[in-house]
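Descriptive analysis of the structure
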Amino acid sequence: MVTIGDGSEQAFMPVNMYYQNSLFECVYPASELNFLGMITGIAFYNDFLTDLPNMPTNVWLGSTALTDLSAGWIPSTSLTSVFSGNVNYPSGQNTVFVSFPQPFLFLEGNLVLMVERPMDTQYYNYEDRFACQTSGTSRSRNIYSDWDDYDPASPPEDGVYVTGQFPKTSLYVIPGGVGHLTGTVLGAGGIPLQNATVQITGGAGVNTNAQGQYTIQNIMAGTYEVTASRYGYLPQTLNAVIPEDSTVTQNFTLTQMPTVTVTGTAVGSDAPTIGLAGATIEITGYENYSATANAQGVFSVPGVYANQTYDYLVGAPGYQNLTGTMNVGATNYNLGTLVLSEIAYTPRNVEAVQAPNQQSVDLTWLAPDPNAVNVNQSFEGTAFPPDGWSQVITNNGPPNTSGVYPTWCRIGTITSGTSTVAPTDGAWQCGFWWAYSHQEEWLITPQFNCPQAAFLTFDTFAYYGSLNNDHYYVKITNNNGLSWDVLWDASTLTGGWNEYQTPVSISLDAYTGQQVKLAWHADDPDATSDGMWYNWFIDNIQVGNTRAAMRSAPSGLRVDTSKFEKPQGSGSAAHPPAIGDRDRLPDENRGVRPDLPLERVEERSLTGYKVWRLVQGQEQNEATWVSLTPSLITALNLTDAGWAAVAAGTYKWAVKAVYTNDVYSLAAFSNPVVKAPFVTGTLAGAVRNTNNLPIMGATVTAGAFTATTAANGNYTMPVAVGTYAVTCSAPGYQGQTTENVVITQSQTTVCNFFLTVPNADEVQVTQTALKGNYPNPFCPETTICYDVKGVTSVRIDICNVKGQLVRTLVDESKATGRHTALWDGRDSGGRAVAGGIYHCRMRAGDYRADRRMLLLK
């Protein structure tokens, strides 16, 4: 029995009988325990006024590295349930013993105890207490209530008593019962292997030190499978018998994994018998490799670990990337001839503009540009941000001792303690340091045309998997910053620190042919605005149709959560933590980054363009697109005249460039255009000849809307709200147009026509004359007819009975012929006038005329 405490005080812990529900937790440092082994039971010492048999009680135990509970509860989900049942708490001074159904194995660290009194329907005497004592200020947490039923898996933080007081406690233990395992892991020739992993099946693993040595302590006596493994070596599994209270030595000798050579030849689809000099291959899997093809397009990648499955990507400027998977066995592997499809370059900057009357959409675009890449930035210039780039600065704080600001800035190699962060390309890099005040920092590229099959690649020194609601974004906009799409966020990834080992590679296929900007956006949580939690550095930003070669250390991303993370707490005076040493591969093992900007390898003949209309969201479903160009067009614009008949919705247009041999580029997409629901009014009227007889079968057209007159010469049709030039035509008659006809929602607009026989104007128009209006009386519109002999200036005014000007309908030069003008019963301000008599006055050279009209209301 191990007893902790002298019981010199009294308190309501570990259970509080004066309330109906209580929760208690306490830490017992290893220095107070002085044992390792199995705990079979626990005892407390009560002094109760009340006799309380069979009281429900729950007990949890666990190991912790914490020395106190000042930082919060350790939830029951992180502990082991050792007892859940009823306990007798007799009156008087007693030892309250709780026996565990199964022993708890305590092997390391400090012991943590949690005791719950589940919610009861009754509370008891204030004098029902336990023997306790006080040591320190925060080794225990205690909470109790008559109404709150506390959840041990998620204990509350409000209303908690944090104290150094805890109950006198006795632990019933069986010391020992464990053994230890030690040994050395060797490679070929008996060379010690550092960082090899030794793991007991089902247990934790340890890594070997520089001498290849390992030790696993406190293993329950028994027989185990133990496996030693290391990157690049075949694992070895042995059986180890662990006696109680003994140390067993188990050594391992690992064999290096065999390697093979992967070869192949890269050719282009335009010249499949000629190798692509300078083509690159990237192989990713158990290890990552890269190589560059020679002048004949042949590449050779030695030292590829055998008996593994790899993905490969072959690329060359001016060609689409070729990807695949290969199962590499125990012998050299030949990928054979790899044919890369030549890129048919995509049109750029497709723009769609809807006509004000919703009857058509005008499309324009730019010709393909194979050299349309202008993002290749390593921050080597003296200006920051670089020329054409921009930044948004939220935190204007000073630099830290390493010269790094809390916003994006240009820096060289920085030092903290004995460690360094060096640029990956050139002598400069870009980054910022965390702060205790709000940070929302943007670094934005110039606008550029996104090429076909493009990737964004950049090197990053960043933490993957932040849990502090801060974000390390890469974003893109195709509307000049009105909205941004997230391409990448380090906080959504896992793996710890990427210390420039592995470049980030992001496909930009969805933005092919569009004008875009990229942004590196650091954003702390808006609710707290307490700054970023990690530093972020970037370098070697490139956009092109070849991805960066992969560079990863054998261990992948290092999970070191302290590095570059600001210390807990607050206060700007806190000094940034030192940067630890980084495991890096030798330069010769890191691969060579290929040149990324696109280059035009060979001219291909552009023959024209094809255009489609599509519903937004169907960009990848070409079968649903509506063709607007049955044959090729060579112009860089097109009017979609079928827009008027399209149903309401949101649409885009796709444009493809067509090259010789009927090779199509990928589609470049326009901005979205919303087709609003159709809003209409009614256009109606009569069509008559000069003898005032009706004309049957005349065609009246307003924009995309058409009607035909009946036997009485009348027509009526729904027309979208807007302003139109209305045209009337009939076989054997000269057509006529009335300008500025306004269609109002849910109202009828009258537009009448008087048609003449072709070539009869010169005969019939013998003099300039105001012929009158039809109909008369009218409501609300009437058509005014007049003849003009010889080209002359014509003015037609509407005046009221007092002679005051109401509206000028015509004031322009007119050619010889018969003309009409529509008056809709409104004044020059667009307001409807009152019913009554109005005068139509015409002036044409020396001609003057006045006709009375009656407007009915």
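Computed from a predicted model, the values in this text were never measured in an experiment.

So, about the overall build of the protein. Summing up its helical and strand segments, the protein has 2 helices and 70 strands in all. Computed over C-alpha atoms, the radius of gyration of the protein comes to 43 Å, more than 25% over the 29 Å expected from 2.2 N^0.38 for 857 residues, which places it beyond the range of a compact globule. Dimensions along the principal axes, computed over C-alpha positions, put the protein at roughly 130 × 85 × 50 Å. A total of 857 residues make up the protein; the buried ones form 49% of that total. Roughly 37900 Å² of accessible area belongs to the protein as shown, and the carbon and sulfur atoms make up 49% of that amount. Considering the protein, the positive charge centre built from 42 side chains and the negative charge centre built from 71 side chains are found 20 Å apart.

Read from one edge of the open sheet, 3 strands run β32-β33-β51, paired in antiparallel fashion. Two strands lie at the open edges of the sheet, namely β32 (348–354) and β51 (637–640), each paired on one side alone. Looking at each pair of strands side by side, their axes are set apart by 15 degrees on average, direction ignored. Pairing of strand β33 (residues 361–366) with β51, which is carried by 4 bridges, proceeds in the antiparallel orientation. Bridge assignment links Thr 364 to a residue of β51, and that residue is Asn 637.

Another point: the packing of aromatic side chains. According to the stated counting rule, one finds 47 aromatic pairs in the structure shown. On the basis of an interplanar angle of 90 degrees and a centroid distance of 5.7 Å, the ring pair of Phe 458 and Trp 488 is categorised as edge-to-face. Taken together, the positions of Phe 458 in strand β42 (residues 455–464) and Trp 488 in strand β44 (residues 485–489) put the pair 30 residues apart, joining distant regions of the chain. Ring centres of Tyr 464 and Trp 488 lie 5.9 Å apart, and the angle between their planes is 75 degrees; this geometry places the pair in the edge-to-face category. Placement of Tyr 464 in strand β42 and of Trp 488 in strand β44 is noted, with a sequence separation of 24 residues between them. Under the relative-accessibility criterion, Tyr 464 is labelled buried at 9%. A relative accessible area of 10% places Trp 488 in the buried class. The ring of Tyr 473 has Lys 475 lying over it, and the distance from NZ or CZ to the ring centre is 4.3 Å. Over the face of the ring belonging to Trp 643 we find Lys 675, whose NZ or CZ atom lies 5.1 Å from the ring centre.

In spatial order, the strands read β6-β5-β8-β3-β10-β11; together these 6 strands make up an open sheet with antiparallel pairing. The strands lining the two open edges of the sheet, one partner per strand, are β6 (80–89) and β11 (161–163). Between one strand and the next, the sheet's axes are offset by a mean angle of 20 degrees, whatever the strand orientation. Sheet analysis places strand β5 (residues 52–64) next to β6, joined by 8 bridges and oriented antiparallel. Bridge assignment links Leu 61 to a residue of β6, and that residue is Thr 80.

Here Asp 245 is to be found in the loop between β20 (236–242) and β21 (247–249). Among the residues examined, Asp 245 registers a relative accessible area of 55% and is labelled exposed. In this structure, the C-alpha to C-alpha distance between Asp 245 and Lys 675, residues 430 residues apart in sequence, is 81 Å. Among all residues touching Asp 245, those that are not within four sequence positions of it are Gly 176, Gly 177, Val 178 and Gly 179.

The subject of this paragraph is the environment of Asp 47. Tracing the backbone through its elements, the reader meets Asp 47 in strand β4 (residues 37–48). By relative accessible area, which is 24% here, Asp 47 ends up partly exposed. Residues contacting Asp 47, with those up to four places away along its chain left out, are Gln 10, Gly 92, Gln 93, Glu 127, Asp 128 and Arg 129. Here Gln 93 takes part through its side chain, which lies 3.5 Å from a polar atom of the side chain of Asp 47.

Next up on the list: a nonpolar patch on the surface. On the surface, a nonpolar cluster with roughly 320 Å² of combined accessible area is contributed by Val 801, Ile 837, Leu 854 and Leu 856. Looking at the secondary structure, you find Leu 854 in strand β70 (residues 847–855).

In this section: the pattern of salt bridges. The full count for this structure, using the stated rule, is 15 salt bridges. As a salt-bridge pair, Glu 157 and Arg 141 come within 2.6 Å of each other at their nearest N and O atoms. Residue Glu 157 is found in the loop between β10 (140–145) and β11, and its partner Arg 141 is found in strand β10; the two are separated by 16 residues along the sequence. Taking relative accessible area as the criterion, Glu 157 reaches 47% and is therefore assigned partly exposed. The buried category is assigned to Arg 141, whose relative accessible area is 4%. With a closest N to O distance of 2.8 Å, Lys 656 and Glu 622 form a salt bridge.

It is worth spelling out the pairing of strand β40 (residues 440–444) at this point. Among the 5 residues of β40, 4 are classified as buried, and the element is accordingly described as predominantly covered. Summarising the sheet, strand β35 (residues 390–392) and β40 pair through 3 bridges and their orientation is antiparallel. Among the inter-strand pairings, Gln 391 is bridged to a residue of β40, identified as Leu 443. One ladder, built from 5 bridges, connects β40 with strand β47 (residues 515–523); its direction is antiparallel. In the sheet register, Ile 444 faces β47, and the bridge partner there is Ala 519.

For the rest of this paragraph, the subject is the side chain of Thr 477. If you trace the backbone, Thr 477 turns up in strand β43 (residues 471–477). There is a polar contact of 2.7 Å between the side chain of Thr 477 and the side chain of Asn 479. One polar contact links the side chain of Thr 477 to the main-chain amide nitrogen of Gly 481, over a distance of 2.9 Å. Those residues in contact with Thr 477 that sit more than four places away from it in its chain are Leu 482, Ser 483, Trp 484, Gln 515, Val 516 and Lys 517.

The next subject is the nonpolar core. Residues Leu 456, Phe 458, Trp 520, Trp 536 and Ile 538 are the most contacted members of the largest nonpolar core, which totals 47 residues. Listed by contribution, the elements that provide at least two residues to this core are β36 (409–411), β39 (429–432), β42, β43, β46 (504–507), β47 and β48 (536–544).

Examined against the element boundaries, Asn 288 turns out to sit in the loop between β26 (280–284) and β27 (289–292). Residue classification places Asn 288 among the buried residues on the basis of a relative accessible area of 16%. Here the alpha-carbon distance between Asn 288 and Ala 240, two residues 48 residues apart in the chain, equals 35 Å. Within polar-contact distance, the side chain of Asn 288 engages the backbone nitrogen of Gly 285 at 3.3 Å.

Cut-offs used in this document
Residues numbered from 1 in each chain as written. Predicted model: local features only at pLDDT ≥ 70, side-chain atom pairs only at ≥ 80, totals over all residues. Heavy atoms only, no water. Helix = DSSP H or I, 4+ residues; strand = E, 2+ residues; numbered from the N terminus. Rg over C-alpha atoms; globule rule 2.2 N^0.38 Å. Buried < 20%, exposed > 50% of the residue type's maximum accessible area, 1.4 Å probe, protein only. Areas by Shrake-Rupley, 256 points an atom, 1.4 Å probe, with all protein chains shown as cover. Lys, Arg positive; Asp, Glu negative; His and termini not counted. Charge placed at Lys NZ, Arg CZ, Asp CG, Glu CD. Pairing = 2+ DSSP bridges. Axes fitted to C-alpha atoms, helices over the stretch in contact; angles between N-to-C directions. Phe/Tyr/Trp six-rings, centres within 6.5 Å; stacked < 30°, edge-to-face > 60°. Lys NZ or Arg CZ within 6 Å of the ring centre and 35° of its normal. Contact = heavy atoms within 4.5 Å. Polar contact = N/O pair within 3.5 Å; in protein donor to acceptor, adjacent residues only side chain to side chain. Patch = residues over 30% accessible without salt bridge, like charges linked within 9 Å, V, L, I, M, F, W, Y side chains within 5 Å. Salt bridge = Lys/Arg side-chain N within 4 Å of Asp/Glu carboxyl O. Core = buried A, V, L, I, M, F, W, Y, C linked by side-chain atoms within 4.5 Å.

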